[in-house]
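Residue-level listing of the chains:
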Amino acid sequence: MEHTEIGVVRTSITRADPEAVAALSAFGVATIHEAMGRVGLMRPYLRPAYPGARLCGTAVTVLLQPGDNWMLHVAAEQIREGDVVVAACTTESEDGFFGELLATSFRARGARGLVIDGGVRDTADLERMDFPVFARAVNAKGTVKATLGSVNVPVVCANALVRPGDVVVADGDGVVVVPRERAAEVAGASAEREAAEEGKRARFRTGELGLDIYGMRGPLAELGLRYEDR
Ligand SMILES: O=C([O-])CC(=O)C(=O)O
Ligand SMILES: [Mg+2]
């Protein structure tokens, strides 16, 4: 992987195939995470800024400095239709980097939302706008514009590696990153997983037990699970 630099804006990035992104948008984060082999999840401390928020798009990445939102304004210029801005910070910071003004700007440039390992504010307005945001904190404390970070360099956001152009999907269950080269394959695997779950759901609905659907009785008996009538 390239080393992350400070003070650079990459203006030409390779985005995941839009058809694969559209296909992924149909699936929940848990399904995608499982279908991908249980990798790519961000830490669960990232929460939606309002109930029901969800997003799917290609990452424009931002490396912020603590308490400084300058690079979000720099990033706005790099947004293309269907992007999601993914902001990490060089050092843990929970200040309110982002609010309804930046959301208005990002939306006008085609963004589908924001994932930020930091704080946001104006959450009532974000909900009213239905601009999906996943953040580490809600915090009224504002930020300054004084130090350089970077735009469209690989970042680690809430413990997950995100490269510019990767697919980011977020819903009430969490945030998952799909490497751009794997987008179509993971969408296919997600569809297969959903079909398999539909089969199980139909059986659960009739009262059948996981014990039988998953063939668990044998392994449990082998481990010595005893049923006692007393
Ligand atoms: O402007 C800021 O510093 C963040 C904010 O509240 C907004 O974008 O509305
Ligand atoms: Mg504001």
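Residues numbered from 1 in each chain as written. Chains lettered and ligands numbered in written order. Predicted model: local features only at pLDDT ≥ 70, side-chain atom pairs only at ≥ 80, totals over all residues.

- The protein is annotated in an unreviewed UniProt entry as Putative 4-hydroxy-4-methyl-2-oxoglutarate aldolase of Kitasatospora purpeofusca.
- One UniProt comment on the protein, placed under Cofactor (unreviewed entry), says "a divalent metal cation".
- We quote the UniProt Subunit (unreviewed entry) comment for the protein here in full: "Homotrimer." (UniProt positions renumbered as here; feature names shortened; annotations may be inferred.)

1. Examining the nonpolar core
Move 1: In this structure, Leu-24, Val-85, Val-86, Val-115 and Val-168 are the most contacted members of the largest nonpolar core, which totals 62 residues.
Move 2: For this core, the element with the highest residue contribution is strand S2 (residues 55–64), accounting for 7 residues. (Core = buried A, V, L, I, M, F, W, Y, C linked by C-beta atoms within 7 Å. Buried ≥ 20, exposed ≤ 12 C-beta atoms within 10 Å, placed from the backbone. Helix = DSSP H or I, 4+ residues; strand = E, 2+ residues; numbered from the N terminus.)

2. A few points about the site of ligand 1
Move 1: Around ligand 1, the neighbouring residues are Asn-69, Phe-98, Gly-99, Glu-100, Leu-101, Leu-102, Arg-121, Asp-122, Gly-142 and Thr-143.
Move 2: It is helix H4 (residues 100–108) that provides the largest number of residues to the shell around ligand 1, a total of 3 residues.
Move 3: Of the residues that constitute the shell around ligand 1, the class distribution is 3 nonpolar, 4 polar and 3 charged. (Near = placed C-beta within 6 Å. Nonpolar A, V, L, I, M, F, W, Y, C, P; charged D, E, K, R; others polar.)

3. Quick look at the environment of Ala-88
Move 1: Along the chain, Ala-88 turns up in strand S3 (residues 83–89).
Move 2: Classification of Ala-88 as buried rests on a count of 25 C-beta atoms within 10 Å.
Move 3: The sequence separation of Ala-88 and Val-115 amounts to 27 residues, and the corresponding C-alpha distance is 8.6 Å.
Move 4: Among residues more than four places away in sequence, those in contact with Ala-88 are Leu-63, Leu-64, Asp-117, Val-155, Val-156 and Cys-157. (Contact = placed C-beta atoms within 7 Å.)

4. Comments concerning H4
Move 1: Within H4, the full set of buried residues consists of Leu-102, Ala-103 and Phe-106. The arc enclosing the buried residues of H4, seen along the axis, measures out at 105 degrees, which places them on a common side. Opposite the buried face of H4, by more than 90 degrees, sit the exposed residues Leu-101 and Ala-108.
Move 2: Elements that come into contact with the buried residues of H4 comprise helix H3 (70–76), S3, strand S4 (96–98), strand S5 (114–120) and helix H5 (123–129). (Arc of directions from axis to C-beta.)

5. Remarks on the pairing of strand S10 (residues 167–171)
Move 1: Most of S10 sits out of view: 5 of its 5 residues are buried.
Move 2: Across the two faces of S10 the burial is the same, with Val-167, Val-169 and Asp-171 and Val-168 and Ala-170 all buried.
Move 3: In this structure, S2 lies alongside S10, joined through 4 bridges in antiparallel fashion. In the strand pairing of S10, Gly-57 is matched with Val-168.
Move 4: Where S10 lies against strand S11 (residues 174–178), 5 bridges are found, and the strand directions are antiparallel. (Pairing = 2+ DSSP bridges.)

6. Some words on the pairing of S3
Move 1: Burial runs high along S3: 7 of the 7 residues are buried.
Move 2: On S3, burial covers both faces: Asp-83, Val-85, Ala-87 and Cys-89 on one face and Val-84, Val-86 and Ala-88 on the other are all buried.
Move 3: With 3 bridges connecting them, S3 and S5 associate as parallel partners. The residue of S5 that forms the bridge with Val-85 is Leu-114.

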